[in-house]
Amino acid sequence: MTGINRRTVLQGGVALAGAAMFGGLAGRAKAATGLTLYNGQHRATTEALVAAFTKATGIDVTMRNAESPELAAQIAEEGARSPADVFFSEQSPPIASLQEKGLLGQIDPATLALIPAKFNAKDGTWLGATVRTRVVTYNKKMIAPADMPKSIMDFGTAALAGKFGYVKQDGFQEQVMSIVHIKGRDAALAWLKGLKQYGRSYNGNRIASTAVENGEIAMALSNNYYWYSLAKEKGAETLNSALYSFPGDDAGNIFNVSAAGMLKSSRNQAAAQKFLAFMLSKAGQQAMIDTTAEYPVLAGLTSPYNLPSLAGFTAPVSPADMGSASDAYALEREAGLI
Amino acid sequence: MTAWARRRLALPPAWLVLASIVPFALVALPILYVMVQGFEAGISGILENLVRPYTLNLLLNTLTIAVSVTILASLIAVAAAWGTERCDLPGRRWWRLTVALPLAIPAYVSSFAWSSLGPWFQEIQGAILILTFYSVPLVYLPVVAALRSLDPNFEDVARSLGHSRWRTFRRVVLPQIAPALGGSALLVAAHMLAEFGALSFLRVETFTTAIFDQYTAEFNNQAAALLSGVLMLICLPVAFAEARLRNRRRVARIARGSARAIVPIALGRLTPFVMLGFVALTILSFGVPAVTLCFWVVEGHSAGQGLERVLPALGNSIGYALPGAALTTIAAIPLVIATTHFRGRFAMLCDRLPYIVHGLPGIVVALAAVAAAIGFLPAVYQTTGLVLLVYIVLFLPLAQSSVRASAELVPRELSDVARSLGKSPFQAFWLTTLPNLLPGIGAALALTALQLMRELTATLLLAPAGVVTLATEFWNYTSDRAYGAAAPFAAMLVLISGIPVYVFTLRTLRLNDAR
């Protein structure tokens, strides 16, 4: 028996765990002095923005990073006691869901006026920070640009059976809402059913656009920045895939925005308003578009990513029209997609 | 070893009941949360949400994956264990370690590697393949430990009575390793029900991916809670089947029996084929993900980014995993002792509940913790302490299964003797039972630390702001497709995991030698 040694080890272990527990409780992050930001946007982008903001104003920002829907669910659960002052979401529907729950405060009208109204919430509780376009990623070796479908509605038909992938996240609900607005609810439902029947569902946009790149499938419904992040990692000239937008003002052409808002419960509202205003300033916009392949919401700035001009891209439905896209959810359920 | 008749067991003493209440309360929280959320949807809402072809499809996929992975991993693990423990395979010591090696690779890393090989691997058969190779070591190690503890006399007697090798295995060996095999197989099954990270790279929809979709699509936690409720119901039979398997026999003994070396079976001409099998297993389960990681570094333009974060992330990973593992193991001990050495319905419930919650996705448990902490103890919200408590809820069954493997070998009579010498029940436990649990405790610490280092969701939502771990950095860079930048974090995670894997392997293998 080596009982005595073991006992000593055990007692030591218990003491250590106890100390760790108390250390943990004591080692709370001090967030009271600066702003607390819940961030679902690409971390590098928000880090660049925060660094520029702190440099300009001297206000410290503490970031919590996670997926936007998770953070929205967390804030909904925290309610009025949320430690968050500002929420920066990768897409607008998660933050719009907080707007519907009445958890967001009013943004300074002077801030909202800096950018086109179509990028902001209609009630002024969140603002669009950067814009992306909804696109089709296609494999150049498998399909020629001239043969690409002319409308998003084609994806719900047998003509494209087995040729495309789709992802029920990031940007998909906005896509559904756009079709509802332009073509009506029945057409949207039929489209979703067609998608389920003829398309391949992927569990993530990155995986879907990689599948197109690798020639596993010819096309995928996606957002523009997924292609650019792949281009950045592998080199644009080596890629087999490219981006395509529908001609004219097709229901498939939509802008979606990354969006930010202030929590109504924030005890730091003055600083939060300053942060939101900074997001739409030249310096703030430049910091963001330098680190991700998204368009600025503010006119007169250029992206280093060689993005195509937005001049020919018309989107009939704006992010403000889409809200939290809960109608899309009901339709997707009716179609048996979720 | 004798198969003793089941003895009437006493009820657990007061201190043990009190000590079990803490983990019980922690684990009950997410269940309450799911129930409250689910009932808010109302009966009609429940029916409307659940009774649809979509749910049936999820149910089929979830069960297909859980059942196939569990069966395949068990078959491979038993065959591998037989090879390394009963055959004259050259380099057995080496093969034991290589079979355990895949434990060091997180499922989401190996899944990413496999899925990039082609569409076949993204479908359900791919998911089964990937998760099977990932799960083999979790069954292999307990089975090897059990095989090594067997008294070879039984096998000799069976052989001398004219039984064939296969019949001897089936009639004599298999019943004796059944508790170890069954326990670890069911742990794998529960684990598969909750698996999300690996599936997010594939094209398979299960309850877990659907729960995530619900949060993404609707931002209404009720529908997600309903699916979580179904998931818990599926876990229920898994949890109780494990208990039934174990309760059937008593394996405790004081002496080691005739600890005679086993004469290994001569493989003869089969040797190269068996070796080839082991090589294939190693390549499939460890080689493919490892090569992919190296490939990322070479091909990715982002390679080298964020290197300054590797060391702080490593420090935090260790700093959270070690106390988390210690607390989880401490919480597991009373639960295990209350059921292995005593009886009682409450003890049984306390012991089973964690297995049911183990099937819940991390996001649900994390949100339950948010609701509870914000509502009742705002001072602990987003502190390290709260994260550690959530870790206990998430990983308790891992610690329980390892501690139990030891506890079942400790005769209850030891503490009875201490009691008869005038010690209090707690003293008796402290002086006699606890020291004999050490091998199991070591294995539990290593296994929980291993899994904790990979935990992502609860760490992201609940750790103090700005805390980065290897897992959070890996997630951050892969979600930006900066695979080159992500690779060093994954590699560091695999390397540092090697330590608990090594400890866990040795501890489990020596479980029966250590006393």
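It should be emphasised that the depicted structure is a prediction, and the values quoted were computed from it without experimental measurement.

### Topic: the overall build of chain B
Part 1 of the argument: Broken down by element type, chain B carries 20 helices and zero strands.
Part 2 of the argument: At 23 Å, chain B has a C-alpha radius of gyration in line with the 24 Å of a compact globule built from 515 residues.
Part 3 of the argument: Taken along the three principal axes of its C-alpha coordinates, chain B extends 65 × 60 × 50 Å.
Part 4 of the argument: Buried residues in chain B amount to 62% of all 515 residues.
Part 5 of the argument: At a minimum sequence separation of 6, the contacts of chain B that also span at least 24 residues come to 85%.
Part 6 of the argument: Looking at chain B as shown, the accessible area adds up to about 19,400 Å², and 70% of this sits on carbon and sulfur atoms.
Part 7 of the argument: Positive and negative charge centroids in chain B, built from 37 and 23 side chains respectively, lie 15 Å apart.

### Focus: the environment of P90 of chain B
Residues and elements named next belong to chain B.
Part 1 of the argument: Residue position: P90 is located in the loop between helix 3 (53-86) and helix 4 (92-100).
Part 2 of the argument: For the pair formed by P90 and G315, sequence separation is 225 residues and the distance between their alpha carbons is 39 Å.
Part 3 of the argument: Those residues in contact with P90 that lie beyond four places of it in its chain are W95, T271 and M275.

### Observations regarding the nonpolar core
Part 1 of the argument: F87, L127, F275 and M279 of chain A together with Y140, L437 and L462 of chain B are the most contacted members of the largest nonpolar core, which has 241 residues in total.
Part 2 of the argument: Each residue touching F275 of chain A, except ones within four places of it in the same chain, is listed here: L35, L37, L49, V50, F53, V61 and V86 of chain A.

### Considerations on helix 13 (residues 345-357) of chain B
Part 1 of the argument: Between its terminal C-alpha atoms helix 13 of chain B stretches 18 Å, which fits the 18 Å expected from 13 residues at 1.5 Å a residue.
Part 2 of the argument: Within helix 13 of chain B, the full set of buried residues consists of A347, C350, D351, R352, L353, P354, Y355, I356 and V357 of chain B.

### Examining the pairing of strand 4 (residues 127-139) of chain A
Residues in a regular strand project their side chains so that they alternate between the two faces of the sheet.
Residues and elements named next belong to chain A.
Part 1 of the argument: The element strand 4 is extensively covered by neighbouring structure, given that 13 of its 13 residues are classed as buried.
Part 2 of the argument: Inspection of the sheet shows strand 4 paired to strand 9 (residues 255-262) by six bridges, in the antiparallel sense. In the strand pairing of strand 9, V131 is matched with V257.
Part 3 of the argument: Pairing between strand 4 and strand 10 (residues 295-296): two bridges, direction antiparallel. Looking at the pairing, V131 lines up with Y295 of strand 10.
Part 4 of the argument: Bridge analysis of strand 4 against strand 7 (residues 219-223) gives five bridges, and the strand direction is antiparallel. Along strand 7, the bridge assignment pairs T137 with A220.
Part 5 of the argument: Where strand 4 and strand 8 (residues 241-244) come together, four bridges link them in antiparallel fashion. If you follow Y138 over to strand 8, its bridge partner there is A242.

### Overview of the side chain of S402 of chain B
Residue and element names in this part refer to chain B.
Part 1 of the argument: With respect to the helices and strands, the residue S402 is situated in helix 15 (residues 384-407).
Part 2 of the argument: Take S402: its relative accessible area is 9%, and that puts it in the buried class.
Part 3 of the argument: Setting aside its immediate chain neighbours within four residues, S402 contacts G440, A443, A444, L447 and F504.

### Digging into the state of the cysteines
Part 1 of the argument: Per the counting criterion, the structure on display carries zero disulfides over all chains.
Part 2 of the argument: Here C350 of chain B is not disulfide-linked; the sulfur of C235 of chain B is the nearest cysteine sulfur, at 18 Å.

### Let's talk about the pattern of salt bridges
Part 1 of the argument: This structure, assessed with the given rule, holds 12 salt bridges over all chains.
Part 2 of the argument: The partner of K168 of chain A in a salt bridge is E205 of chain B, with the nearest N and O atoms 2.4 Å apart. Of the two residues, K168 of chain A is situated in the loop between strand 5 (164-167) and helix 6 (172-183) and E205 of chain B in the loop between helix 8 (165-194) and helix 9 (207-218); the pairing between them involves two chains.
Part 3 of the argument: For K168 of chain A, a relative accessible area of 5% gives the class buried.

### Brief notes about the environment of R92 of chain B
Part 1 of the argument: Within the secondary structure layout, R92 of chain B lies in helix 4.
Part 2 of the argument: A distance of 3.1 Å separates a polar side-chain atom of R92 of chain B from the backbone oxygen of C87 of chain B.

### Quick word on the pairing of strand 2 (residues 61-65) of chain A
Part 1 of the argument: Counting buried residues along strand 2 of chain A, four of its five residues qualify, which places the element largely inside the surrounding structure.
Part 2 of the argument: As for the winding sense of the linkage, the β-α-β connection from strand 1 (residues 35-39) of chain A through helix 2 (residues 43-57) of chain A to strand 2 of chain A is right-handed.

### Overview of the packing of helix 12 (residues 310-340) of chain B against helix 19 (residues 470-479) of chain B
Residue and element names in this part refer to chain B.
Part 1 of the argument: Axis separation between helix 12 and helix 19 bottoms out at 7 Å; the angle between their running directions is 130°. Overall, the two elements helix 12 and helix 19 adopt an arrangement that is oblique. In contact with V310, A313, L314 and S317 of helix 12, helix 19 contributes L470, A471 and E473.

What counts as what
- Residues numbered from 1 in each chain as written.
- Chains lettered and ligands numbered in written order.
- Predicted model: local features only at pLDDT ≥ 70, side-chain atom pairs only at ≥ 80, totals over all residues.
- Heavy atoms only, no water.
- Helix = DSSP H or I, 4+ residues; strand = E, 2+ residues; numbered from the N terminus.
- Rg over C-alpha atoms; globule rule 2.2 N^0.38 Å.
- Buried < 20%, exposed > 50% of the residue type's maximum accessible area, 1.4 Å probe, protein only.
- Contact = heavy atoms within 4.5 Å.
- Areas by Shrake-Rupley, 256 points an atom, 1.4 Å probe, with all protein chains shown as cover.
- Lys, Arg positive; Asp, Glu negative; His and termini not counted.
- Charge placed at Lys NZ, Arg CZ, Asp CG, Glu CD.
- Core = buried A, V, L, I, M, F, W, Y, C linked by side-chain atoms within 4.5 Å.
- Expected span 1.5 Å × (residues − 1).
- Pairing = 2+ DSSP bridges.
- Disulfide = S-S within 2.5 Å.
- Salt bridge = Lys/Arg side-chain N within 4 Å of Asp/Glu carboxyl O.
- Polar contact = N/O pair within 3.5 Å; in protein donor to acceptor, adjacent residues only side chain to side chain.
- Right-handed = clockwise from strand over helix to strand, strands pointing away.
- Axes fitted to C-alpha atoms, helices over the stretch in contact; angles between N-to-C directions.
- Parallel < 35°, antiparallel > 145°, perpendicular 65-115°, else oblique.

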